[in-house]
Amino acid sequence: MRMARSRRPAAEPAAARRRGSGLFVVVVALAIVVISVMLVRSKMAAAPSTSAAPTAAVGALTVRTLEPLLPEARLGTPVRVAILRDPASVAYYDDRAVIDSILGWWRTTLTDLGATAGVVAPDDRAALRAASVLLVPSQPCLGTAARRAIDDALLRGGGVIVTWLTGTRDGGCAPVGWSLPARLSGAMRLDTLETRNATYVAVAGNAPLGADIPPGSRLELLVANHVAARVPGRHVLYTDRAMNPAPAGDQPLLDAAIAHVILGRGRAVLLGFEPMRAAPSPWNRAVAALLTRNVVAWAAGLPTASVEPWPAGKKAAAMIAQDVEDGFGNASHAVDSLDAAGVRGTWYLVSDLARSNRALVRRLARNGEIGTHTENHLVLAGGSEGEQARRLANTQHQLADLLGRTVAGLRPPEEQFDIATLRAWADAGGTYVFGANDARTASPELLAVGGDTLVLLARVTNDDVISVHRAGKVGVPGLVAEYESALGKVEALGGLYILSYHSQFMSRPELVPVVAALARRMRGDSTLWRTTGHDVARWWLARHRLRTSTALATDGALKVDVDNAGHEAADSVVVRVVVPGAARVSSMTGATSLPAVAGEARLLFPRIPARGRVSALLVMEAMP
């Protein structure tokens, strides 16, 4: 099969012309798709994690085999979408079928989301007026009629979504620059990504386009000259594998992958990449689908509600976790520091050693949470299901004998676990595992294991095995700076930061000041939820069982319902509401109002009873 070629996107700046052709932007033929899938799978399997030990790949590979337990990507309200097809862009691609393959993908995807979608011509004014959203995907060349359709949609108060290089050329495919995508994104600057070995997008928490996506989730894209924007608010941005910002051309803040703006009564969104370019894996497909749904819902001005990631409106969470193994007695230095700072810790004990240190174990338990690091620190993964079940039941029994209760958390030695590990821990009464997930999200994950649901906690930053043991860092100021920077990164993503350290490394007297400094830093941040692994897992399970819905009353008020399908009450729940159209909330009943940005409301419900429902009524008024 001949591979189709496409013209260079001459409408973009010279940097974009240097950085690749349209071949990298669309799926032009089945052969290209097959080759891309093979290359991506090879790359995903071979690429090492930047933050986890190589042996932890066993756990990461295990997680990849499981379907992610994420909310269904469906629109709560039907939406009519007009997918514009400009003949000018048909000629842009060497293979004239390319544009129709893109439009066909979008039509299928929108139908799956619950929208009504049809392909329309730029001069079909009746079809355009009937739609709530106008979508113009990957069409660099736009004629006068197409540009008029975009303006008319915004003037009517509708939504407009454009993707990639749409509108950077005129109807004759001559370059006209970034003016249209800049206006539709509010961007101060736009450019294309240079050639990279891999392309990643990170989704930060507490943003309308991130609803239902775990904050700090990483989406991998097939490599292409995707478009990056510099905008004031960057909630979905291009990053490296470790979720550090990776702007186009190393230009500061030129890293937004999606930008949205309110233009008069209308709403516009620029998707710098095509969602169909998500790398082929269940995780990437699920995150891309939720992002696509959120973009369509926002552009349509639909009222939507979603539960915020953390209780009481906290912007991120943090826990301090020690593996108490070799040098068991060193844990006393760390617990002294945490007690002095007023911060609880999570302590994963090698239970054979714990039985010889009963007084210290009781002290650790008074400070925070006790979990298990197995009975003897031998690797679990790879053992038979029966052997793993015996071992985990044994360590659970040993710790219950010491504490008078079972423990919830398992920290597998060397972060290695497999399906048998998860089943055995659930059977032993555990509720969560602290292990590797390929650093694909800075938030907890839910794993379906047989009839049980386990919570997976994973770190996306270095622990002291990497910093102290491998890199040989022993200076307290340097280690404090490294971990404070890592905490700041996870806070910006809105995820869960885990200071993971060991009794034989950073719990030693000469290095424990690092732990004390981080504890004080966390204590001084009122926007951070300082917590333990068990409390994180309980919250994440409770949050998973909450369902939100919205309904507009005849008088224009917006009703928000939150149902709790769980057997336990959920406390301090905050619901973020994107209000419809160009309205704002003037008053509300049934919930406490928290500070929110324009076009949104945040509702605090102190308690949602088990198997119960709470409701709030929001009175709307037009924005001035």
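Use the structure listed above.
Okay, so let's go over this structure. (Residues numbered from 1 in each chain as written. Predicted model: local features only at pLDDT ≥ 70, side-chain atom pairs only at ≥ 80, totals over all residues. Heavy atoms only, no water.)

## Observations concerning the overall build of the protein chain
To be explicit about the condition: Secondary structure is summarised from DSSP: a helix means a run of H or I of at least four residues, a strand means a run of E of at least two, and numbering begins at the N terminus for each. As defined in this context, the radius of gyration uses C-alpha atoms, and a globule is described by 2.2 Å times the residue total to the power 0.38. We call a residue buried when its accessible area falls under 20% of the maximum for its residue type, exposed when it is over 50%, and partly exposed in between, using a 1.4 Å probe and counting protein chains only. Contacts: residue pairs with any heavy atoms within 4.5 Å of one another. Only the protein chains shown count as cover for residues, and all accessible areas are computed by the Shrake-Rupley method using a 1.4 Å probe. For the charge count, each Lys or Arg is scored as positive and each Asp or Glu as negative, with His and the chain ends excluded. To locate a charge, take NZ of a lysine, CZ of an arginine, CG of an aspartate or CD of a glutamate.
Check the secondary structure of the protein chain and you find 18 helices and 28 strands. On C-alpha atoms alone, the protein chain measures out to a radius of gyration of 26 Å, which is about the 25 Å that the 2.2 N^0.38 rule sets for 624 residues. In terms of principal-axis extent, the alpha carbons of the protein chain reach across some 80 × 60 × 45 Å. In the protein chain, which comprises 624 residues, the proportion classed as buried is 58%. Contacts in the protein chain between residues far apart in sequence, at least 24 positions, make up 74% of those at least 6 positions apart. For the protein chain, the exposed surface amounts to about 23300 Å²; the carbon and sulfur share of it is 53%. Positive and negative charge centroids in the protein chain, built from 67 and 55 side chains respectively, lie 5 Å apart.

## Notes on the pattern of salt bridges
Let me state the cut-off plainly: Whenever Lys or Arg places a side-chain nitrogen within 4 Å of a carboxyl oxygen from Asp or Glu, that contact is recorded as a salt bridge.
In this structure the tally under the stated criterion is 34 salt bridges. Put simply, Arg183 and Asp151 hold a salt bridge, and the shortest N to O gap is 2.8 Å. One end of the pair, Arg183, is in helix H8 (residues 179-183); the other, Asp151, is in helix H7 (residues 144-155), and 32 residues separate them in sequence. For Arg183, a relative accessible area of 38% translates into the label partly exposed. For Asp151, a relative accessible area of 31% corresponds to the partly exposed category. Salt bridges sharing partners connect three or more residues here, namely Asp323, Arg411, Glu415, Arg459 and Asp463.

## Digging into the packing of aromatic side chains
The test is simple: Classification of ring pairs rests on two measures: the distance between centres of Phe, Tyr or Trp rings, Trp counted by its six-membered ring, which must be within 6.5 Å, and the angle between planes, read as stacked under 30 degrees, edge-to-face over 60 and tilted in between. Whether a charge sits over a ring depends on NZ of Lys or CZ of Arg being within 6 Å of the ring centre and within 35 degrees of the ring normal.
Enumeration over the complete set of coordinates arrives at six aromatic pairs. Taking 4.8 Å as the distance between ring centres and 90° as the angle between the ring planes, the aromatic pair formed by Tyr92 and Tyr93 counts as edge-to-face. Classification of Tyr92 by relative accessible area gives buried; the value is 0%. Clustering of aromatic rings is evident, with ring pairs tying together Tyr92, Tyr93 and Trp164. The residue whose ring lies beneath Arg411 is Phe434, and the NZ or CZ to ring-centre distance is 3.8 Å. The ring of Trp540 has Arg543 sitting right over it, with the charged end atom 4.7 Å from the ring centre.

## Observations concerning the state of the cysteines
Short version of the rule: Note on terminology: disulfide denotes any pair of cysteine sulfur atoms within 2.5 Å.
One pass over the structure, following the stated rule, counts one disulfide. A sulfur-sulfur distance of 2.0 Å marks the disulfide that ties Cys141 to Cys173. As the torsion about the S-S bond is roughly 105°, the Cys141-Cys173 disulfide counts as right-handed. Taken together, the residues span a long stretch of sequence, with Cys141 in the loop between strand E3 (133-136) and H7 and Cys173 in the loop between strand E4 (159-163) and H8 at a distance of 32 residues.

## What about the nonpolar core?
Put simply, the test is: Residues belong to a common nonpolar core when they are buried Ala, Val, Leu, Ile, Met, Phe, Trp, Tyr or Cys residues joined through side-chain atoms within 4.5 Å.
Grouped together as the largest cluster of nonpolar side chains are 84 residues, with contacts concentrated most on Val81, Leu110, Leu134 and Phe273. Sorting elements by how many residues they give to this core places helix H9 (residues 282-300) first, with 10 residues. Each residue touching Phe273, except ones within four places of it in the same chain, is listed here: Thr163, Val201, Leu219, Leu221, His226, Tyr238, Ala257, Ile258 and Leu291. With 66 residues, the next largest nonpolar core counts Met243, Leu349, Tyr497 and Leu518 among its residues.

## Quick word on the sheet that holds strand E7 (residues 217-221)
Threshold: Strands were regarded as paired on the criterion that DSSP finds at least two bridges between them. Only the stretch in contact is used when fitting a helix axis, every axis being a line fitted to C-alpha atoms; angles between N-to-C directions are given from 0 to 180 degrees.
What the three strands build is an open sheet, ordered E7-E6-E9; its pairing is antiparallel. Across the chains shown, the open sheet's two edge strands, defined by having one partner strand only, are E7 and strand E9 (236-239). Here the strands of the sheet are splayed against their neighbours by 30° on average, with no regard to which way each runs. The pairing of strand E6 (residues 199-203) with E9 spans four bridges and is classified as antiparallel. Each bridged residue has a counterpart across the sheet, and for Val203 the counterpart in E9 is Val236.

## Regarding the pairing of strand E18 (residues 445-449)
Along a regular strand, successive side chains alternate from one face of the sheet to the other. In terms of burial, E18 is a largely internal element, four of the five residues being buried. For E18 and strand E19 (residues 452-457), the ladder comprises five bridges, and the chain directions are antiparallel. Each residue of the ladder has a partner; that of Leu446, found in E19, is Val455. Counted between consecutive antiparallel strands, the loop separating E18 from E19 contains two residues, among which Gly450 sits at a positive phi close to 60°.

## Quick look at the side chain of Arg267
Our working definition: Think of a polar contact as two N or O atoms within 3.5 Å of one another; within protein, one of them needs to be a possible hydrogen donor and the other a possible acceptor, and neighboring residues in sequence only count if both atoms come from side chains.
Topologically, Arg267 is positioned in strand E11 (residues 266-271). Buried Arg267, no salt bridge; nearest opposite-charge side chain is Glu600, N-O distance 8.0 Å. At 3.4 Å, the side chain of Arg267 forms a polar contact with the backbone oxygen of Val579.

## So, the sheet that holds strand E22 (residues 546-552)
Taken in spatial order, the four strands line up as E22-E23-E28-E25 in an open sheet, and their pairing is antiparallel. Two strands in the sheet have a free side with no partner beyond their single neighbour: E22 and strand E25 (583-589). For this sheet, the mean inter-axis angle between neighbouring strands, taken without regard to orientation, is 25°. Where E25 meets strand E28 (residues 613-622), six bridges bridge the pair, whose relative direction is antiparallel. Its bridge partner being in E28, Ala583 is matched across the sheet by Ala622.

## So, the environment of Gly143
One can find Gly143 in the loop between E3 and H7. With relative accessibility at 17%, the residue Gly143 sits in the buried group. In this structure the C-alpha to C-alpha distance between Gly143 and Val287, which are 144 residues apart in sequence, comes to 33 Å. Not counting the four nearest positions on each side in its chain, Gly143 is found in contact with Asp86 and Gly171.

## With respect to the packing of helix H10 (residues 331-341) against helix H12 (residues 358-367)
Put simply, the rule is: Throughout, the term roughly parallel applies to angles under 35 degrees, roughly antiparallel to angles over 145, roughly perpendicular to angles from 65 to 115, and oblique to all others. In this scheme, a crossing is called left-handed if the near helix is turned counterclockwise away from the far one by less than a right angle; it is called right-handed if the turn is clockwise. In this classification, Asp, Glu, Lys and Arg are treated as charged, Ala, Val, Leu, Ile, Met, Phe, Trp, Tyr, Cys and Pro as nonpolar, and every other residue, Gly included, as polar.
It is at 10 Å that the axes of H10 and H12 come closest, and there the two elements cross at 25°. With respect to H12, the element H10 is oriented roughly parallel. Here the hand of the crossing between H10 and H12 comes out left-handed. In contact with Ala331, Ser332, Val335, Asp336, Leu338 and Asp339 of H10, H12 contributes Leu360, Arg363, Leu364 and Asn367. Grouping the amino acids of the contact of H10 with H12 by side-chain chemistry returns five nonpolar, two polar and three charged.

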